[in-house]
Amino acid sequence: MLRGRRLPLDQLVEQLLAQGWIVEGDIEAIRRVPVTSARALHPIDTVADARLRVASGTRAGEMLSADVICEWLAGQTGLGYFHIDPLKVDFTRIAEVMSSAYATRYGVLPVEVRGNDIFVATCEPGLDDWVAPIEKATRKTVRRVIANPRDIERYTVEFYNLARSVKGASRVNHGGSSSNNFEQLIQIGAQLASGNRAIDQNDAHIVQIVDWLWQYAFEQRASDIHLEPKREIGVVRFRIDGVLHQVYQVPTAVMSAMVARIKLLGRMDVVEKRRPLDGRIKTKTPAGNEVELRLSTLPTAFGEKLVMRIFDPDVLVRDFAALGFGEDDAARWTQMTSRPHGIILVTGPTGSGKTTTLYSTLKLLATDEVNVCTVEDPIEMVEPAFNQMQVQHGIDLSFADGVRALMRQDPDIIMVGEIRDLETAETAIQAALTGHLVLSTLHTNDAPSAVSRLLELGVPAYLLNATLLGVLAQRLVRTLCPECKRPATAEERPGESEWNDFISPWKAPPPSQVYRPVGCLECRMTGYRGRSGIYELLVMSERLKSFVHAAPDISAMRHAAIREGMRPLRVGGARKIAQGLTTFEEVLKCVPPADVT
């Protein structure tokens, strides 16, 4: 590349052609890429916008994206390649390296400060006249890395704006700490009168920070956002595909103001910080799709912790195959939920997808001919096709009270958010006995254990036999990223004995091909992208009803259910492994052993 000059398009194309990354016919496609008057395209963007594929070599057939070109360019110039992940860049620290005007002028962006080194992203490997002034001012060594030009342009604006917002918000309450800090550290000799004013939750800085937080959470497919106050810093974490990732740290004063701003938007009591509160917000993603956020606060030793659970309304229109159901389980589930009356239970731990399964099922059942009513704590997602009621413990409106009230509303289908006690269980059973279809959730490890759980609550066995239609146990496992997964080697595949122990009591040879996670930009280098359900469906039959009595033998019941077609959770996981959707280790982590001995 030409030193002291910007990267020319013709030279970039020439080198890609010489190394077999493109062919002669691709040059015309590159020339046809439109150039807007608003912003001249960088040569890397021009080639990427032609939507070509690598012509030859080890990466043949791969899309020639801007990141792929940058990675290739880094190898040609001897510089490192850097993918800018906004969740891994400490923007408040990199903003201290150089000013926004300096970064914009030279088209560069600091991305990491590590020891005595500053890593600065650029898309112009031939230009380095900006390096010496930075090294002189910071007394550190600048390490240039190649990055996507569009990312550099976008994040230069966003990172510096956010850094200014955090700095401005911190200045309002300079040196202050959360007033709810259970273990405040008192600085001896500090002026008590200084810096005790709370940040105004309507401050423009905080508005921008909160908006940015949501935007990135939506882009990264986060299911939950955690704002956690600590003694000296506030921590922001995202749950992505079931795993929590720490993404940012902000001053505790800024964290407190962010929580106040979000509570205000969720119509919660901003002043009340001593007890847990619930709220909800409806907003839109950058793409324009509506999203609901369920808010929950918790008073902790260092202030209010806030968790926002993100609900995507699109999950309600997914079919059972998209949720992870096999064809046979989907058919049996549809047949069961089409019954006119009885109780159907969905079991599993928190975060296993029970609510999504129930909402998707109710969405299909909620036609104009039926009245679907729910009683929930809290209402997870607002759906116009349902009549939804929220449990209100403050006025003694429990699940049982809610079901009794719904019984006078001429319902056809009732969904009870959770059966937690005998009163709720008995009320749900009475609803089923009087000709209603009742769906609810329960916390048990597998499907047969739901029977023993209800008996332990005090439900008579004869009422269970009269009303229980079936139980669906489920888990969510991370699915392999389709862009980077690779076939497992012989050493990485489970052996026959290990496989049979895994799916016991089933006996089947291990699959001929399984896959392993690798990691790429699409999956944020985790090797996994998205989650899929694993299901265990028990359909009550006359044979299984004989096991429902005061002292049930759950192991014998499980054996009988398997003989009648129930596939244990681990067998469902084994199917996902054989289909190349997930890994042996992922299923082991999420699914309990099949206790059938």
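We now turn to the structure provided with this report. (Residues numbered from 1 in each chain as written. Predicted model: local features only at pLDDT ≥ 70, side-chain atom pairs only at ≥ 80, totals over all residues. Heavy atoms only, no water.)

**Structural notes on the sheet that holds strand β11 (residues 342-347)**
And then number 1: Reading across from one edge, β13-β12-β14-β15-β11-β16-β19 is the order of the seven strands in this open sheet, with mixed pairing throughout. Each edge of the open sheet carries a strand with a single partner, namely β13 (387-390) and β19 (528-539). Across the sheet, the mean angle separating the axes of adjacent strands is 20° when strand polarity is ignored. (Pairing = 2+ DSSP bridges. Helix = DSSP H or I, 4+ residues; strand = E, 2+ residues; numbered from the N terminus. Axes fitted to C-alpha atoms, helices over the stretch in contact; angles between N-to-C directions.)

**Quick look at the packing of aromatic side chains**
And then number 1: Inspection of the entire model under this criterion finds 16 aromatic pairs.
And then number 2: Ring geometry for Phe91 versus Phe159: centroids 6.4 Å apart, planes at 20°, classification stacked. Here Phe91, found in helix α5 (residues 91-94), pairs with Phe159, found in helix α8 (residues 149-172); they are 68 residues apart in sequence, far enough to count as distant.
And then number 3: The exposure class assigned to Phe159 is buried, which follows from its relative accessible area of 0%.
And then number 4: Ring centres of Trp212 and Tyr216 lie 5.9 Å apart, and the angle between their planes is 75°; on these two criteria the pair is classed as edge-to-face. With Trp212 and Tyr216 both in helix α9 (residues 204-219) and four residues apart, this pair spans about one turn of that helix. You'll find Trp212 and Tyr216 in the same group, each marked buried. (Phe/Tyr/Trp six-rings, centres within 6.5 Å; stacked < 30°, edge-to-face > 60°. Buried < 20%, exposed > 50% of the residue type's maximum accessible area, 1.4 Å probe, protein only.)

**What to know about the packing of helix α1 (residues 9-18) against helix α4 (residues 66-77)**
And then number 1: Running from N to C, α1 and α4 point in directions that differ by 85°, and their axes come no closer than 12 Å. Between α1 and α4, the interaxial angle falls into the category roughly perpendicular. Of α4, the residues touching α1 (which contributes Leu12, Gln15 and Leu16) are Ile69, Trp72 and Gln76. (Parallel < 35°, antiparallel > 145°, perpendicular 65-115°, else oblique. Contact = heavy atoms within 4.5 Å.)

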